[in-house]
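Observations on the three-dimensional arrangement
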Amino acid sequence: MDSKPLKLVIIDYGAGNIKSIQFAFKRLGVDAILSNNPEVITSAERVIFPGVGEASSAMKMLKKSGLDTLIPTLKQPVLGICLGMQLMCNSSEEGNTKGLGIFNVDVKRFSSAVKVPQMGWNTINELKSNLFRNIEEDAFMYLVHSFYADMCQEAIASTTYELKYASALQKDNFYGVQFHPEKSSVVGEQVLRNFLEL
Amino acid sequence: MLTKRIIPCLDIKNGRTVKGVNFIDLRDAGDPVELAKQYANLGADELVFLDISATLEGRKTMHDMVLKVAEQVNIPFTVGGGISSIEDVDDLLKCGADKISINSSAIKRPDLVNELSNKFGSQCVVVAIDAKQINNQWIVHLAGGTIPTALNLFDWAREVAQRGAGEILFTSMNNDGTKAGFANEALAKLSETLNIPIIASGGAGTVQHFVDTFKEGKADAALAASVFHFGEIEILDLKRELRKNNIEVRL
């Protein structure tokens, strides 16, 4: 990576453990700015859209700061993580939430045939994007989630738990990962590095 | 496929690891951050930090430690010990902890489990249960396993799951410290009746004990302290053996 500081903003709308993401970038030598200010977000070179918690209340918080209309208009690379990715989809069964509709797919709940949430390390497969440069098939990522995005046109990685689902999505400049790259050891750090270099 | 997790547990007092830790490559084996980094590099899937400080001063140093671990360690970690309110949890999560673990405070006030899972999500609420088998009954104990309660392990586990716990960390006091294996019968019963992950704790002595707790005990994760701290079992060797036994692990 060149030494020019890159303006990276993590959207801070009150949902989730953003500290971990900020620290992960710091380990890569990039200082991320936490902000919910539309101007700051719009002028960033890279945007992280995090999220941990419940979908409908997270969406309420997004709406409160007007970010629900801003995010779909962003032009720079945007990476949704976990619930962030799910909110970028059409809808979520969690709290019957209407999503931002960036990814043309619905988010559903795992059935009680498996333990919910899925918690721990699982593999990502069928890797299709520069986001996964230098990452091998079957790389392990850390996941914690009860809801998943179906396999679809925009899937750039799949994972199997109860069924095969989309563990990463991409449409144009928008990327989403269900796993937590910031908690997925060196492989996760490679995903973050790749995102910075897109 | 979702893999079984190996979780070293570190006891922390006044910001330092307690009990002997015998790691050759560490500059300072009492420094939990150094140790955590080492474990992450050696293939641990998660870490648990248990604060056993008795003083307020000691607890404050825990926040600094959590912050440093979050800064420097790239795998998930849970913090437990002395957590009894939403504010306690909020503070620890803001410092970068991924999950928190509650034990006695949940027994004293079960609504705490609901409050925490509603506010922060089930995914970060681990309920730790210490239980001892007495006359064929698994009795839940308080305060580090010293005080028996009227609660039965299986009833209490079901209740906390219904109240929103995301995971159960079950320590068998009959097995803890024996190095004679995990309480697999009780673990299997928990794992089969509950729809959330179960972490096995107490009794790890050999690699075979881990094989058994995943196969017979149907545990989703296994936690141990001294066998890892003293290098009796190397995590990488353990995981290779587990894989040889057709148990899925991250290698």
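Refer to the structure printed above.
Below is a short write-up of the structure. (Residues numbered from 1 in each chain as written. Chains lettered and ligands numbered in written order. Predicted model: local features only at pLDDT ≥ 70, side-chain atom pairs only at ≥ 80, totals over all residues. Heavy atoms only, no water.)

**Topic: the overall build of chain B**
Under the convention used in this document: The helix count covers DSSP runs of H or I at least four residues long, the strand count covers runs of E at least two residues long, and both are numbered beginning at the N terminus. For a compact globule the rule gives 2.2 Å times the number of residues to the power 0.38, and the radius of gyration it is set against comes from C-alpha atoms. Buried, partly exposed and exposed residues are distinguished by accessible area as a fraction of the type maximum, computed with a 1.4 Å probe on protein chains only: under 20%, between the cut-offs, and over 50%, respectively. Contacts are assigned to residue pairs that have any heavy atoms within 4.5 Å of one another. Calculation of accessible area relied on Shrake-Rupley with a 1.4 Å probe; when residues are assessed, cover is drawn exclusively from the protein chains displayed.
When helices and strands are tallied, chain B shows ten helices and eleven strands. For chain B, the C-alpha radius of gyration of 17 Å lies close to 18 Å, the compact-globule estimate for 251 residues. Structurally, chain B occupies a C-alpha span of about 45 × 45 × 35 Å along its principal axes. The burial tally for chain B puts 59% of its 251 residues in the buried class. At a minimum sequence separation of 6, the contacts of chain B that also span at least 24 residues come to 63%. Counting only carbon and sulfur atoms, one obtains 48% of the accessible surface of chain B, whose full area is about 10,300 Å².

**With respect to the overall build of chain A**
Check the secondary structure of chain A and you find six helices and 13 strands. Here the C-alpha radius of gyration of chain A, 15 Å, is about what a compact globule of 198 residues would show, namely 16 Å. By the burial criterion, 61% of the 198 residues in chain A qualify as buried. Long-range contacts, defined here as pairs at least 24 residues apart, represent 70% of the contacts in chain A between residues at least 6 apart. Element-wise, carbon and sulfur atoms account for 48% of the exposed surface of chain A, whose accessible area totals about 7,700 Å².

**Considerations on the interface of chain B and chain A**
The condition that has to hold: Buried area adds together the accessible area that both of two parts lose upon being put together, with accessible area traced by a 1.4 Å probe. Whenever a carboxyl oxygen of Asp or Glu lies within 4 Å of a side-chain nitrogen of Lys or Arg, that contact is scored as a salt bridge. Each polar contact in these results corresponds to two N or O atoms within 3.5 Å; when the atoms are within protein, one needs to be able to donate a hydrogen and the other to accept it, and residues that are neighboring in sequence are counted only if both atoms are side-chain atoms. Gly falls in the polar group here, along with every residue not listed as nonpolar (Ala, Val, Leu, Ile, Met, Phe, Trp, Tyr, Cys, Pro) or charged (Asp, Glu, Lys, Arg).
Listed per partner, the contact involves 36 residues of chain B and 29 residues of chain A. Of the roughly 2,500 Å² buried between chain B and chain A, counting both surfaces, carbon and sulfur atoms make up 54%. By the criterion of area lost to chain A, the three top residues of chain B are L2(B), N74(B) and N195(B), representing 27% of everything that side buries. Our count for the contact surface shared by chain B and chain A stands at two salt bridges. A salt bridge links D220(B) to K115(A), with the shortest nitrogen-to-oxygen separation between them at 2.7 Å. At the junction of chain B and chain A, the tally comes to 14 residue pairs in polar contact (both at pLDDT 80 or more). Contributing elements (two or more residues each) for the side of chain B that touches chain A: α2 (56-72) and α3 (86-94) of chain B. With four residues, α2(B) is the single largest residue contributor to the side of chain B that touches chain A. Classifying every residue of the side of chain B that touches chain A by side-chain character gives 17 nonpolar, eight polar and eleven charged.

**Overview of empty space enclosed by the protein**
Unfilled space is identified by rolling a water-sized probe across the atoms. Residues and elements named next belong to chain A. We apply this condition: Only protein atoms enter the 1 Å grid used here, on which a cavity is any set of points holding a 1.4 Å probe that cannot leave and a pocket is any open set flanked by protein within 12 Å on both sides along at least five of seven lines; residues with an atom within 4 Å of a point are listed as lining. Grid points are joined across faces, edges and corners, and a volume is the space filled by probe spheres set on the points.
Under the definition given, this model contains two cavities of 30 Å³ or more. One number sums up the size of the largest cavity: a volume of about 40 Å³. Lining the largest cavity we find ten residues, and of these N17, I21, P50, G51 and V52 sit closest to its centre. Tallied by class, residues from the lining of the largest cavity come to five nonpolar, four polar and one charged.

**Details of helix α1 (residues 18-27) of chain A**
Residue and element names in this part refer to chain A. Within α1, seven of the ten residues are buried, which leaves it mostly tucked inside the rest of the structure. Three or more residues of α1 are buried, namely I18, S20, I21, Q22, F23, A24 and F25. Looking one or two residues beyond α1, the residue adopting positive phi is G29, at roughly 90°.

**Regarding the pairing of strand β8 (residues 147-152) of chain B**
Residue and element names in this part refer to chain B. Put simply, the rule is: When DSSP finds at least two bridges between two strands, those strands are taken to pair.
In terms of strand pairing, strand β7 (residues 137-142) meets β8 through three bridges, oriented antiparallel. Among the inter-strand pairings, I139 is bridged to a residue of β8, identified as N152. What sits between β7 and β8 in their antiparallel hairpin is a turn of four residues, with A143 showing a positive phi close to 50°.

**Some words on the nonpolar core**
Looking at soluble globular proteins, one finds that nonpolar side chains tend to be buried together. For clarity, the threshold we go by: By convention a nonpolar core is built from buried Ala, Val, Leu, Ile, Met, Phe, Trp, Tyr and Cys residues, the set being connected through side-chain atoms within 4.5 Å.
In this structure, F49(B), F170(B), F210(B) and F228(B) are the most contacted members of the largest nonpolar core, which totals 80 residues. Those residues in contact with F49(B) that lie beyond four places of it in its chain are L10(B), I12(B), P32(B), A36(B), M62(B), M65(B), V69(B), F77(B), T78(B), V79(B) and G80(B). F25(A), I81(A), Y165(A) and V177(A) belong to the second-largest nonpolar core, a separate cluster that totals 38 residues.

**Notes on unusual backbone geometry**
Peptide bonds are trans in most cases, and residues, glycine excluded, mostly fall at negative phi. All names here are of chain A. Residue P117 follows V116 across a cis peptide bond; omega there is 5°. Position of P117 among the secondary structure elements: in the loop between β7 (103-109) and β8 (118-124). In this structure, N134 takes a positive phi of about 65° despite not being glycine. Among the residues examined, N134 registers a relative accessible area of 62% and is labelled exposed.

**Some words on the side chain of N175(B)**
Residues and elements named next belong to chain B. As for its position among the elements, N175 is in the loop between β9 (167-172) and α7 (184-193). Using a relative accessible area of 14% as the deciding quantity, one classes N175 as buried. Discounting chain neighbours no more than four positions away, the residues touching N175 are G181, F182, A183, G202 and G203.

**Quick word on the packing of α3(B) against helix α5 (residues 111-120) of chain B**
Residues and elements named next belong to chain B. As a reminder of what qualifies: Angles run from 0 to 180 degrees between N-to-C directions of axes, and those axes are lines fitted to C-alpha atoms, restricted for helices to the stretch in contact. These descriptions rest on fixed angle ranges, namely under 35 degrees for roughly parallel, over 145 for roughly antiparallel, 65 to 115 for roughly perpendicular, and the rest for oblique. Working rule for handedness: look at the near helix, and if it is turned counterclockwise from the far one by less than a right angle, call the crossing left-handed; if clockwise, right-handed.
The interhelical angle for the contact between α3 and α5, taken along N-to-C directions, is 40°, at an axis separation of 10 Å. When the interaxial angle is binned, α3 and α5 end up oblique. As for how α3 packs across α5, the hand of that crossing is right-handed. Only L112, E115, L116, K119 and F120 of α5 make contact with α3, whose side of the interface consists of I86, V89, D90 and L93.

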